[in-house]
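Spelled out, the chains give:
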Amino acid sequence: MAVATAPVGARASGGRRTSTGRGLSTTAVLVVGALYCVLPVTWIVTASTKTAGELFTTFSFAPSFNGGLGENLRDLLAYNDGVFGRWVLNTLLFAGVGTLLTVLISAAAGYALAKFQFLGRELIFKVILAGVLIPPIALAIPQYLLLSKVHMTGSYWSVLLPSLISPFSIYLSRVFAQASVPTEILEAGRIDGAGELRLFWSVGLRLMLPGLVTVFLLQFVAIWNNFMLPYIMITDEKMFPLTVGLFSLLNRGAGQPALYTTVITGALVSVLPLIILFVVLQRYWRLDVLSGGLKG
Amino acid sequence: MRTVESMAAEVGRPEAPVPGVRRTRRRLNAKTAPYVLLAPALALLTAFMLIPIGYSVWLSFRTVKVADGSLLGRRTEQAAGLSNYTTVLTDRVFWEAMGRMVVYGVIVVVIMFGLALTFALLLDHPRTRAAGLWRTSIFIPYAVPGVIASLMWGFIYLPAVSPIVSAFEALGLAPPDFLGSGTVLFSTANIAIWGGTGFNMIILYTALRAIPSEIYEAARIDGCSDLRIAFSIKIPMIAPAMVMTMIFALIAMIQVYNEPTALSTLSHAITSTWMPMMKIYSDAFVLNNTFLAAAESVLLALLTLGVSLGVMRATRRFQGVED
C-alpha cells in the first residue's frame, strides 16, 4: 500500500486539481444514472398516494395526503372480490415454491455433474449447456400445445412444472459444487459409511448454500419475469400471478381512467417488497461466478 | 479408488451386522447416485425442453387441410414440406417485425452496455463517492419484472398523467409523444434499457473487482491516466464477462415480447404483430395456425443460435489476437 500511495502523491504535482474534479464528475454521472433508475419507482410511489381525480390534476412528483393511498389500497384489495390477494399468493407459489424446487433440482444435478464420473456425463452436460441458450419464452407455446394434449393447461402445474427446469441454474450449481465441495470431504464421508444421497444432502448442499442463494435470486427473477407462460397457460383470473393479473387489469382499465390509480397502486404493492428483498440480499450475491467463472 | 473405498467401508464400519450386504448396497449406490441425483432434472429437461423443441420442428413441417374448403369441412393434418417456411419467408409482416426487432435489439444492447460499462468503470474508480448507494439504486430495476416496468413507464408516457408531459407543458414547450408510431420503438427500448442496465453493470463491476490492483499500480507508475487504464487494462480484462452477458442480452432481444405487449394496451402504434414473438403468439392463438407459428419459432431459434455462435466465434478470434 505504501508503494501504491507514492506514485499517486508524485503525480499530484501535475494533476491533483483535475483528479479531484474528476472524482466529483464520476460521482455526478452515477447520480444521474441512479436518478434515471429510481425516479420511475418514486413516481409510482407518489402517484399511488393520489385519488383518481388528483392523478390528472396535481403535479406528478408531489405526493398527496388526502387519503388517496388508503382509498387506492382499498380499491385494489376490493377489486373483483379481492382477486389481487389471490394474485399475490399465486406469485408466491410460482416464483417462491417454484424457485425453491428449481434450486433443489438444479443443485442435485450440478452436484452430480461436478462430483461423479459416470457414463453420459459429457453428453448430459453438453445438452444442458445448449439449453442455457434457449430462453424459456421460446418454449411457452409448444409447452402449451403439449400440455393441452394431456389436459393439463389451466392448472397450477402447467406453470409450475415448466418453470422447474433451468439449465442455467444447473450450470451455475455445477460451478459452485466444483468450487466449494472438496472431494476429500466426500471421500472421508464415504469412509465413514455415509450413503451418497445423505452426503449430497448434508455435506454437498450445505457447502453449496452460499452459491445457491445466487441461483435462487436469478431463478426467482426468471420465473417472476416469464409473463408469457402463465399468460397462455392460465385462463382463470383467480389463478393469475401478479404480472398477468396487473396486465389484465390494465387491459380492462385502459379505456377507464378511474382504474389507473388501482393499476399504479397494484404495481407498487407488487414490486416494493421485491425491491426491498433484493437490496437486503444484495451482499449474498455471488455474481463473480457469472462474470469470471463462466469459462467453466 | 472404488476398491479402496469399499475396503475402507468394511474397516470403518465394524458395527455393520453384515458387512458384505452393506458393501454391495453402497457400491450400487455410488454408481447409481449421479443418475438418481440427475433424474428429476433430466425428466423435466426431456418433458419441457427436448420434447417441445422436437414437437415445434415436427409441427413446422405439418399443416391442416380442410376437406371441401368450407368452414365446416373436415380438418385433417398432413405433411406440408417446406410450405410453412416459404409462407413465413415471403410474409411482409414477418419481415417488418424482424426488422423492427433488429433495430430495437441494436438500440437496447448498444445503449444498455454502454451505460452498464460506464457505470461499472465509474463505480470501480477509487475517487467515486458513496459508490454503494449508486450501485444499489441502479440495480433496483432488476427486481421489477418487464411487464410491471412497462406498466410503470406506460403511465409515465401517457399524456394524461405523464410527469414529463406536464413538465414540458409547464415550460410552455410542445410535449413529446412517447406512444406514437414514430417514437414508441424508442420508448419500448427505454424500458428494456432501464430494466437491464443495473444487472449488467453489477456483473461487469464484479469482474472489474476481480482484477488484481497491482496491475493498475504498475500502470500508474508508468504514468498511465485513468482513462488509459480503463481502455487498455480494464475493458480487455472484463471482455469475457461482457461477451457472456451480451449473448444473453441478444437472446432476450430476439424473443422480446413482454414489454411491447404490456405497452400495447396504452399505444395503438403497437400492433399484434409488432415484434416476431408477438406475431408467433397471434398466429398460434388468434389465427389458430400453430404450424405457421412453429415454423416462425424454429426460424427465431436458428437466429438465436446463429447470433450466439457468431458472437462467441468473433470474440474468440478477438481474444486470440489479444493473447
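Because the structure is predicted, anything quoted here is derived from the model rather than measured.

A tally of regular secondary structure across chain A gives 14 helices and zero strands. Sequence-ordered secondary structure for chain A, helices as α and strands as β, is α-α-α-α-α-α-α-α-α-α-α-α-α-α. Split into buried and exposed, the 296 residues of chain A put 43% on the buried side. Pairs at least 24 apart in sequence give 74% of the contacts found in chain A among residues at least 6 apart.

Here the focus is the overall build of chain B. Regarding its fold elements, chain B presents 14 helices and two strands. The proportion of buried residues among the 323 residues of chain B is 42%. Taking as baseline every contact in chain B between residues at least 6 positions apart, the subset at least 24 positions apart corresponds to 65%.

With 90 residues of chain A at the contact, the number on the chain B side is 87 residues. Per-element tally for the side of chain A that touches chain B: the top contributor is helix H1 (residues 2-47) of chain A, with 20 residues. Classifying every residue of the side of chain A that touches chain B by side-chain character gives 66 nonpolar, 18 polar and six charged.

Turning our eyes to something else, we now look at the domain arrangement of chain B. Residue and element names in this part refer to chain B. Domain parsing of chain B yields domain 1 (2-60) and domain 2 (91-322). Residue-level contacts link four residues of domain 1 with six residues of domain 2. Per-class residue counts for the side of domain 1 that touches domain 2 are two nonpolar, two polar and no charged.

Now for the environment of Leu171(B). Residue and element names in this part refer to chain B. Locating Leu171 in the fold gives a position in the loop between helix H7 (163-170) and helix H8 (184-209). A residue is classified by how many C-beta atoms lie within 10 Å of it, and Leu171, with 8 of them, is exposed. Considered as a pair, Leu171 and Asn84 are 87 residues apart in the sequence and their alpha carbons are 54 Å apart.

Further remarks concern the packing of helix H4 (residues 83-115) of chain A against helix H7 (residues 156-163) of chain A. Helices that pack against each other are described as a pair by the angle of their axes relative to one another and the distance between those axes. Residue and element names in this part refer to chain A. The contact between H4 and H7 brings their axes to 9 Å, and the two run at 40 degrees. The pairing of H4 with H7 is recorded here as oblique in orientation. The handedness of the crossing between H4 and H7 is right-handed. Residues Leu93, Phe94, Gly98 and Thr102 of H4 form the contact with H7, whose own contacting residues are Tyr156, Val159, Leu160 and Ser163.

Attention now moves to H7(A). Among all positions of H7(A), only Ser158(A), Val159(A), Pro162(A) and Ser163(A) are buried. The buried residues of H7(A) occupy one face: seen down the axis, they fall within an arc of 115 degrees.

A positive phi angle, near 45 degrees, is found at Asn80(A), a position not held by glycine. A residue is classified by how many C-beta atoms lie within 10 Å of it, and Asn80(A), with 13 of them, is partly exposed. Notably, Asn288(B) is not glycine yet its phi reads approximately 60 degrees, a positive angle.

Here we take up the environment of Leu115(B). Summarising the element assignment, Leu115(B) is placed in helix H4 (residues 92-124). Under the C-beta neighbour-count criterion, Leu115(B) is labelled buried, with 22 such atoms within 10 Å. For the pair Leu115(B) and Thr197(B), spaced 82 residues apart in sequence, the C-alpha to C-alpha distance is 6.7 Å. In contact with Leu115(B), not counting residues within four places along its chain, are Gly33(A) and Thr197(B).

Counting 171 residues, the largest nonpolar core has Leu246(A), Ala267(A), Ala41(B), Ala120(B), Leu151(B) and Leu204(B) as its most contacted members. Two domains each donate at least three residues to this core, and these are domain 1 (2-60) and domain 2 (91-322) of chain B. If near-sequence neighbours (up to four positions away) are discounted, Leu246(A) is found in contact with Val263(A), Gly266(A), Ala267(A), Ser270(A), Val147(B), Ile148(B) and Leu151(B).

Before going further, it helps to spend a moment on the pairing of strand E2 (residues 75-79) of chain B. Residues and elements named next belong to chain B. E2 sits mainly on the outside: zero of its five residues count as buried. Pairing of strand E1 (residues 62-66) with E2 involves five bridges; the strand directions are antiparallel. In the strand pairing of E2, Arg62 is matched with Ala79.

Let us look at the confidence of the model for chain B. Residues and elements named next belong to chain B. Put simply, chain B has an average pLDDT of 87, and 87% of its residues get 70 or more. Within chain B, H4 carries the highest mean pLDDT (97), whereas helix H1 (residues 2-12) carries the lowest (43). Across the whole predicted complex the pTM is 0.88, and at the interface the ipTM reaches 0.87.

Our focus in this paragraph is the confidence of the model for chain A. Residues shown with low pLDDT carry predicted positions that ought not to be read at fine detail. Summing up the model confidence of chain A, the mean pLDDT is 86 and the portion of residues at 70 or higher is 88%. Confidence drops under a pLDDT of 50 for residues 1-19 of chain A, and excluding neighbours within four residues, the segment shows five contacts in the predicted structure.

Let us look at the environment of Ile233(B). With respect to the helices and strands, Ile233(B) occurs in helix H10 (residues 226-237). Sequence separation of Ile233(B) and Thr315(B) is 82 residues, and the distance between their C-alpha atoms is 17 Å.

This part is about the packing of helix H8 (residues 167-180) of chain A against helix H10 (residues 196-225) of chain A. Residues and elements named next belong to chain A. One can describe the packing of H8 onto H10 by two numbers: an axis separation of 9 Å at closest approach and a directional angle of 150 degrees. As summarised for this structure, H8 and H10 are arranged roughly antiparallel, according to the angle between their axes. Between H8 and H10 the crossing geometry is right-handed. Within the contact between the two elements, H8 uses Ser169, Leu172, Ser173, Phe176, Ala177 and Ser180 and H10 uses Gly204, Leu207, Met208, Gly211, Leu212, Thr214, Val215 and Gln219. A class-by-class count of the residues in the contact of H8 with H10 yields seven nonpolar, seven polar and no charged.

Analysis parameters
- Residues numbered from 1 in each chain as written.
- Chains lettered and ligands numbered in written order.
- Predicted model: local features only at pLDDT ≥ 70, side-chain atom pairs only at ≥ 80, totals over all residues.
- Helix = DSSP H or I, 4+ residues; strand = E, 2+ residues; numbered from the N terminus.
- Buried ≥ 20, exposed ≤ 12 C-beta atoms within 10 Å, placed from the backbone.
- Contact = placed C-beta atoms within 7 Å.
- Nonpolar A, V, L, I, M, F, W, Y, C, P; charged D, E, K, R; others polar.
- Domains from an automatic or database assignment.
- Axes fitted to C-alpha atoms, helices over the stretch in contact; angles between N-to-C directions.
- Parallel < 35°, antiparallel > 145°, perpendicular 65-115°, else oblique.
- Left-handed = near helix turned anticlockwise from the far one by under 90°.
- Arc of directions from axis to C-beta.
- Core = buried A, V, L, I, M, F, W, Y, C linked by C-beta atoms within 7 Å.
- Pairing = 2+ DSSP bridges.
- pLDDT = per-residue confidence, 0-100.

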